[in-house]
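Remarks on the overall topology
Here are the chains, one letter per residue:
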2 protein chains.
Amino acid sequence: MMELTRKGEYAIRGIVYLAGKPIDKVCLLSDIAAAVNVPPTFLAKIFQQFSKIGLVKSFRGTGGGFMLGRPPESITLLEVVEAVEGPIIPNRCVVSPSDCERSGECTVHPVWRRVQDEVRGVLEGVTLKELLTETQTHTTC
Amino acid sequence: MMELTRKGEYAIRGIVYLAGKPIDKVCLLSDIAAAVNVPPTFLAKIFQQFSKIGLVKSFRGTGGGFMLGRPPESITLLEVVEAVEGPIIPNRCVVSPSDCERSGECTVHPVWRRVQDEVRGVLEGVTLKELLTETQTHTTC
DNA sequence: CCTAAAAAGACATTTTATATCTTTTTAGGG
DNA sequence: CCCTAAAAAGATATAAAATGTCTTTTTAGG
Ligand code: SF4
Ligand code: SF4
């Protein structure tokens, strides 16, 4: 239960890798994929989602590639995960209580809200910058 | 992401209902299923799992049915959820780090451990007794 | 124009979720 | 000793989600 999908795992790997590069450095998707050991075509889909919401910037054509959209210290793990997995929802009634006719007087309902808050809290408290190690900071791609 | 399945939702509904009955009262599966609005055949599978680990006691044949295996204040939501959904695992490396060759120096790994701890903590802190309302306590089935 | 690279969309396969149905076992009561 | 009620066990079915791949299109530099 509550398992991150491969997509989410790959998403984190890819963007953390990018966060270790100089902010203005454009990296090839193929290079990123090889470095983090993810199928390139799958990572492409993931980075397309990132690009749409500005988490990364993309450049097409010759000399194109990806760079981080914002400084690594301003991007949280929560953003990254939710970008590809959708919102953190421990139970469907958390997002739309009206879906369950029992939600009115349900005692379990608030528990899922708390789970949601705790998980979001943990993930929101971690930035990409904090996830970088010495060895991966500012290496070229 | 992190969504409880129907099975887990149904499991909670069913056992909370049972927890509201007198401890020695045997309830028919069909009655429970009807009361909590769950497909009877599906709930049967769920209660079979409960029965195997003693969360509920089952009685076969005429006059058979189910009753709670232990007092409601001693059964946590974590037990119930894990009984049918398996352990709370935000990412597979939490359970077997050796599956991921990056786990050695991975900075993300500990985050998933924290997520796991937080979620388990919330669910472990809630007992079936606490989930009962006035109206459902000690009603006959 | 030609080439490199990402974007977009269609397609394929596997796994998981969500059940249902049938047969078997167990137990009580006449 | 049957007959019936009820759970247990196992097989099967369908739908949805996960996990990729492939093809075509768009964009941009040289
Ligand atoms: S019964 Fe309660 S916990 Fe379950 S879906 Fe409805 S509101 Fe949510
Ligand atoms: S890269 Fe890190 S977080 Fe991802 S599976 Fe491996 S150890 Fe876990």
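What comes next is a walk through the structure.

Each value, and the rule that gives it
- Residues numbered from 1 in each chain as written.
- Chains lettered and ligands numbered in written order.
- Predicted model: local features only at pLDDT ≥ 70, side-chain atom pairs only at ≥ 80, totals over all residues.
- Heavy atoms only, no water.
- Helix = DSSP H or I, 4+ residues; strand = E, 2+ residues; numbered from the N terminus.
- Contact = heavy atoms within 4.5 Å.
- Areas by Shrake-Rupley, 256 points an atom, 1.4 Å probe, with all protein chains shown as cover.
- Lys, Arg positive; Asp, Glu negative; His and termini not counted.
- Charge placed at Lys NZ, Arg CZ, Asp CG, Glu CD.
- Near = heavy atom within 4 Å.
- Nonpolar A, V, L, I, M, F, W, Y, C, P; charged D, E, K, R; others polar.
- Polar contact = N/O pair within 3.5 Å; in protein donor to acceptor, adjacent residues only side chain to side chain.

Some details on the overall build of chain A
- What chain A contains, in helices and strands, is 7 helices and 2 strands.
- For chain A, the N- to C-terminal ordering of α and β elements is α-α-α-β-β-α-α-α-α.
- In terms of principal-axis extent, the alpha carbons of chain A reach across some 60 × 30 × 25 Å.
- Residue pairs at least 24 apart in sequence account for 67% of intrachain contacts in chain A once pairs closer than 6 positions are excluded.
- Of the accessible surface of chain A, which amounts to about 6,900 Å², a share of 52% is contributed by carbon and sulfur atoms.
- On chain A, the mean spot of the 16 positive side-chain charges and the mean spot of the 16 negative ones are 7 Å from each other.

Details of the site of ligand 1
- All residues in the neighbourhood of ligand 1 are listed as Asn91(A), Cys93(A), Cys100(A), Arg102(A), Ser103(A), Cys106(A), Val108(A), His109(A), Trp112(A), Glu9(B) and Arg13(B).
- In this structure, ligand 1 sits where chains A and B come together, each supplying nearby residues.
- Among the elements of the structure, helix H6 (109-124) of chain A together with helix H1 (6-19) of chain B are those that each provide at least two residues to the shell around ligand 1.
- In the shell around ligand 1, the residues fall into 5 nonpolar, 3 polar and 3 charged.

So, the site of ligand 2
- Residues in close proximity to ligand 2 include Glu9(A), Arg13(A), Asn91(B), Cys93(B), Cys100(B), Arg102(B), Ser103(B), Cys106(B), Val108(B), His109(B) and Trp112(B), which together make up its full environment.
- Breaking the shell around ligand 2 down by element, the ones donating at least two residues are helix H1 (6-19) of chain A together with helix H6 (109-124) of chain B.
- In terms of residue class, the shell around ligand 2 is made up of 5 nonpolar, 3 polar and 3 charged.

Structural notes on the protein's contact with DNA strand D
- In the vicinity of DNA strand D there are 24 residues, among which Arg6(A), Arg60(A), Leu29(B), Lys45(B) and Ser58(B) approach most closely.
- Backbone atoms, meaning sugar and phosphate, make up 65% of the atoms of DNA strand D lying within 4 Å of the protein.
- Within the backbone of Arg6(A), one N or O atom sits 3.0 Å away from a phosphate oxygen of DNA strand D.
- Take Gly61(B): an N or O atom from its main chain is 3.3 Å from a sugar or linking oxygen of DNA strand D.
- At the level of secondary structure, the elements contributing two or more residues to the surface near DNA strand D comprise H1 and helix H3 (40-52) of chain A together with helix H3 (40-52), strand S1 (56-59) and strand S2 (65-68) of chain B.
- Residue composition of the surface near DNA strand D, by class: 7 nonpolar, 10 polar and 7 charged.

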